[in-house]
Amino acid sequence: RTEVINWARSTLVAAAIRKGHKFRGNSQIEYSASAIAVLGLTSLYLQEHDAAVRDLVLRLASHQHEAVVRALGQKLTDFDERLARSIIRIIMTSSIHLHRTENEEEDEANKRRRQDRIENAIKVESQWLDGSVDEPAWPELPEWWLRRRRGIRLPGGRTVDDAEMKDVRPEAYVDEHALGTLASHLIKFTIGELPGWLLPLTAHLMDWTIKANGPHG
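Residues numbered from 1 in each chain as written. Predicted model: local features only at pLDDT ≥ 70, side-chain atom pairs only at ≥ 80, totals over all residues. Heavy atoms only, no water.

(A) Inspection of the packing of helix H3 (residues 51-60) against helix H5 (residues 81-94) at higher detail. Relative orientation of the contacting elements H3 and H5 amounts to 30°, with a least axis distance of 8 Å. It follows from the interaxial angle that H3 and H5 lie roughly parallel. Where H3 approaches H5, its residues Arg 54, Val 57 and Leu 58 are matched on the opposing element by Leu 83, Ser 86, Ile 87 and Ile 90. Split into classes, the residues belonging to the contact of H3 with H5 amount to five nonpolar, one polar and one charged. (Axes fitted to C-alpha atoms, helices over the stretch in contact; angles between N-to-C directions. Helix = DSSP H or I, 4+ residues; strand = E, 2+ residues; numbered from the N terminus. Parallel < 35°, antiparallel > 145°, perpendicular 65-115°, else oblique. Contact = heavy atoms within 4.5 Å. Nonpolar A, V, L, I, M, F, W, Y, C, P; charged D, E, K, R; others polar.)

(B) How the structure looks around H3. Within H3, the full set of buried residues consists of Val 53, Arg 54, Val 57, Leu 58 and Leu 60. Buried residues in H3, looked at end-on, bunch into an arc of 165°, giving them a common side. Here H3 starts with a cap whose side-chain oxygen sits 2.9 Å from the backbone nitrogen of Ala 52, and that cap is Asp 50. (Buried < 20%, exposed > 50% of the residue type's maximum accessible area, 1.4 Å probe, protein only. Arc of directions from axis to C-beta. Polar contact = N/O pair within 3.5 Å; in protein donor to acceptor, adjacent residues only side chain to side chain.)

(C) Spotlight on the confidence of the model for the chain. Taken as a whole, the chain shows an average pLDDT of 82; of its residues, 74% reach a score of 70 or greater. Here helix H1 (residues 2-17) is the element of the chain with the lowest mean pLDDT, 60, and H5 is the one with the highest, 96. In this model residues 20-24 is a low-confidence stretch, pLDDT under 50, and it forms eight contacts with partners more than four residues away in sequence or in other chains. Throughout residues 160-165 the model reports pLDDT below 50, and contacts reaching past four residues in sequence, or to other chains, amount to 11 contacts. (pLDDT = per-residue confidence, 0-100.)

(D) Quick look at unusual backbone geometry. With a phi angle near 55°, His 49 is a residue other than glycine that sits in the positive phi range. With respect to the helices, strands and loops of the structure, His 49 is situated in the loop between helix H2 (33-48) and H3. On the accessibility criterion, His 49 (51% relative accessible area) is exposed.

As structure tokens, this is what we get:
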């Protein structure tokens, strides 16, 4: 049995991390080798509760392909709540990207910064699950890029001209598709007794959304 599990683990890991699968743009799980492998690895973890497999699941939470996020989302309520929260935080962290610039070296440096942030998030979540550090906070999401309308007429007949309007692009942005996919799977936690962490997370996400739909949105 041990040999079979080891073989299954190595096969699933290889499939999960494989790059450039054929239907990359398709969000359906059945067309993504990585997403299918995620389902296998999560099932393996739920049977064995092996820390090494758990850490692989945490790493796969940073994959960002929508099909992989869907696969993990399907399993969220099967995990214990601590692991579910860790997966949610890693998906949120991985959904944050830095805008491209006009400088190739700066873009490469930004990619490294983003990957370092994700690697640190995975490390801290693993340490928390092992009981060696406190639980991390919900990741802070970057401000929305609000393109304000020009020529707004204010009370008294005064019009704000272009020079008075601030339209500064934030350094980072959020992959709304990945975050939206994650949010859709949180609905399952509302069935029955609400877990204590769900309301603070909902408030955190709602605050971010409200800022995007404010008076200048």
